[in-house]
Every structure is written in structure tokens, then in C-alpha cells.
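# Coordinate inspection notes
The chain contents come next:
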Amino acid sequence: MSILLIVSLIAQYGTGISSSGPNISIDTPALSVTGQASAALGVQATEYKIILYADTYASEEKEALAASEDIREEIIKVTKKIGGKKKDVVLISRNTLEPIEGDPYFRVEQDIQIWLKDVKDINKIKETYLLIDGVQIGSATPVIDKSVDYGPAIKKARVDALKNVKQEAKDLAFEMGVLLGEPMFIAENIVYPIYTGYETSEETEISVSVTIYYAITHKK
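About the thresholds
- Residues numbered from 1 in each chain as written.
- Predicted model: local features only at pLDDT ≥ 70, side-chain atom pairs only at ≥ 80, totals over all residues.
- Heavy atoms only, no water.
- Helix = DSSP H or I, 4+ residues; strand = E, 2+ residues; numbered from the N terminus.
- Expected span 1.5 Å × (residues − 1).
- Buried < 20%, exposed > 50% of the residue type's maximum accessible area, 1.4 Å probe, protein only.
- Arc of directions from axis to C-beta.
- Contact = heavy atoms within 4.5 Å.
- Phe/Tyr/Trp six-rings, centres within 6.5 Å; stacked < 30°, edge-to-face > 60°.
- Lys NZ or Arg CZ within 6 Å of the ring centre and 35° of its normal.
- Salt bridge = Lys/Arg side-chain N within 4 Å of Asp/Glu carboxyl O.
- pLDDT = per-residue confidence, 0-100.

### Thoughts on helix H1 (residues 61–81)
With 21 residues, H1 should cover 30 Å at 1.5 Å per step; its first-to-last C-alpha distance of 31 Å lies within 8% of that length. Listed in full, the buried residues belonging to H1 are Ala64, Ser68, Ile71, Arg72, Ile75, Ile76, Val78 and Thr79. Down the axis of H1, the sector holding all buried residues measures 165 degrees, keeping them to one side. Set apart from the buried face of H1 by more than 90 degrees, the exposed residues are Lys62, Asp70 and Lys81. Residues of H1 that are buried make contact with strand E3 (48–54), strand E4 (56–58), strand E5 (89–97), strand E6 (106–116), helix H2 (122–130) and strand E7 (135–142). Phi for Gly83, located one or two positions after H1, is positive at around 105 degrees.

### Some thoughts on the packing of aromatic side chains
For the structure shown, the criterion picks out three aromatic pairs. Geometrically, the ring pair formed by Tyr150 and Tyr192 is edge-to-face, given 5.0 Å between the ring centres and 85 degrees between the ring planes. Here the residue Tyr150 occupies a position in the loop between E7 and helix H3 (151–176), and Tyr192 occupies one in the loop between strand E8 (178–191) and strand E9 (203–218), the gap between them amounting to 42 residues. Overall, Tyr192 belongs to the partly exposed group, its relative accessible area being 40%. A ring pair is formed by Phe185 and Tyr213, whose centres lie 5.5 Å apart and whose planes are at 80 degrees; its orientation type is edge-to-face. Pair noted here: Phe185 is in strand E8 and Tyr213 is in strand E9, with a separation of 28 residues, a long-range link. Classification of Phe185 by relative accessible area gives partly exposed; the value is 24%. When the ring centre of Tyr57 is taken as reference, the NZ or CZ atom of Arg107 above it lies at 4.9 Å.

### Details of the pattern of salt bridges
Under the criterion given, the structure shown has six salt bridges. Residue Glu69 is joined to Arg94 by a salt bridge in which the shortest nitrogen-to-oxygen separation is 3.2 Å. Note that Glu69 is positioned in helix H1 and Arg94 in strand E5, a separation of 25 residues in sequence. On the basis of relative accessibility, which here comes to 26%, the residue Glu69 falls in the partly exposed class. Note on Arg94: relative accessible area 30%, which makes it partly exposed. With a shortest N-O distance of 3.7 Å, Glu73 and Arg72 are connected by a salt bridge. One continuous salt-bridge network, built from bridges that share partners, spans Glu69, Arg72, Glu73 and Arg94.

### Examining unusual backbone geometry
Its identity as a non-glycine residue notwithstanding, Asp118 has a phi of 55 degrees, on the positive side. As for its position among the elements, Asp118 is in the loop between E6 and H2. Owing to a relative accessible area of 66%, Asp118 belongs among the exposed residues under this scheme.

### With respect to the environment of Ile186
Mapped onto the elements, Ile186 comes out in strand E8. Taking C-alpha positions, Ile186 is 7.2 Å from Val210, a pair spaced 24 residues apart along the chain. Every residue in contact with Ile186, bar those within four places of it in the chain, is listed here: Val210, Thr211 and Ile212.

### Some remarks on H3
The end-to-end C-alpha distance of H3, which contains 26 residues, comes to 37 Å, matching closely the 38 Å that a straight helix rising 1.5 Å per residue would cover. All of the buried residues along H3 are Ala153, Ile154, Ala157, Ala161, Asn164, Val165, Ala169, Leu172 and Ala173. Just downstream of H3 lies Gly177, where phi reads positive at about 75 degrees.

### Quick look at the confidence of the model for the protein chain
Keep in mind that low pLDDT regions are not for reading the predicted coordinates in detail. A residue-level look at the protein chain finds 82% of positions with pLDDT of 70 or above and a mean pLDDT of 84. No element of the protein chain has a lower mean pLDDT than strand E1 (residues 6–11), which averages 40, and none a higher one than H1, which averages 97.

Laid out in C-alpha cells, this is it:
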């Protein structure tokens, strides 16, 4: 049985995705290369789920609670001005913290969720909420309709990923002084849009990574 030789190379193209080789058994010398690419869906997000942090504090608990209610009402008021409704504003958590050593204030921490439709410029929306004193943006997540056809974007990303992986395989084989043989194993991984934290985007992307194991032989 030949000694197993696997060289792994990850080709990243701005996707922020890393990959490792699968758990397979190969009893011949092989070279493993992973190429990645992404493509825009061509669908602009117009609906967003926004999480706001609206914390308040005061020397008295009642004052801190009253201030938290005032800021929530202001968020509702602003939401109505930009085309939303009161029902779109939901208080998802509210906690009151008592004073501790070094901090003499009662603090109210509250997270408020807002669903907005027909959004033309999410950056302007964020700026509008940030004008409210005491408000911070936790996240602004685009909501993509389930009926969106991912096919064209996947196809484009796949083609680009294959080009990348083939070129990287050729370059790596050349540097190592070996000849590429037939593909022994091919795997594809598709990453659909997921947004977390403060991340936002007006246009979402599909990422595809392709891993190919090539048989290799040493040059004579």
C-alpha cells in the first residue's frame, strides 16, 4: 500500500469561509484543494428585522422605568414616521438592575424588535433610529422571501469555484513538482445568507466551496 500523501490548500475569495478536508480513506498519493466563490442573488432585500438596545438609568427605580417607557414610545413614534406600525415594535426583553458598588444608578436594559417592510435604504433607517438618545442598533437583518430562486446564483458561484480550485490545483502541483491525475473525490458545500450582529446588506450572496482530491504522480 502506498504512503498516503494529502496536501490541503484552502483558496478563500472574500467569503470569510474556511474549509477542511472530509474524513475519507485514500491509499494512493493525492492532492486536496478547496476553491471558493460567491455570487449575488440579484434580489434586493426590502424587509428587515431590526433589534434596538434602548437602555436607561436613573437614581430612582421608578425614574429609570419611566425613562425606558419613554424611549420605547419614541421608537414607536419614529417607526410610524418611516412607514411602520405600532404592532411592528415589540419589546422582547426588559431587565432592571439595582445599584452596585461603584454604580449608584438603577439601570433598565431593554431590547426592542422592529419589523419593517418596503425598506429602500436601510442605512438611512439605522441613522434615523440612532438619532434617538440612548438607542443603539443591535442588528439589522434582511428577510429574504422563501420563494427566491437560488439556482442562478448557485450556478454562477459553482462555476467560479471550480475555476478557482482547478487553477489552484495546477499551481500547487507545479510548485510541488508533481503531475495531476484524475479527480478521486469531489464535494460541494453551499452557504446560504446568514446575518448576525450589526451586519447588514442590501444585496445578499450565495457562497459555494468545491473540494477536489486529485491523484498525483511524481515527475520522472
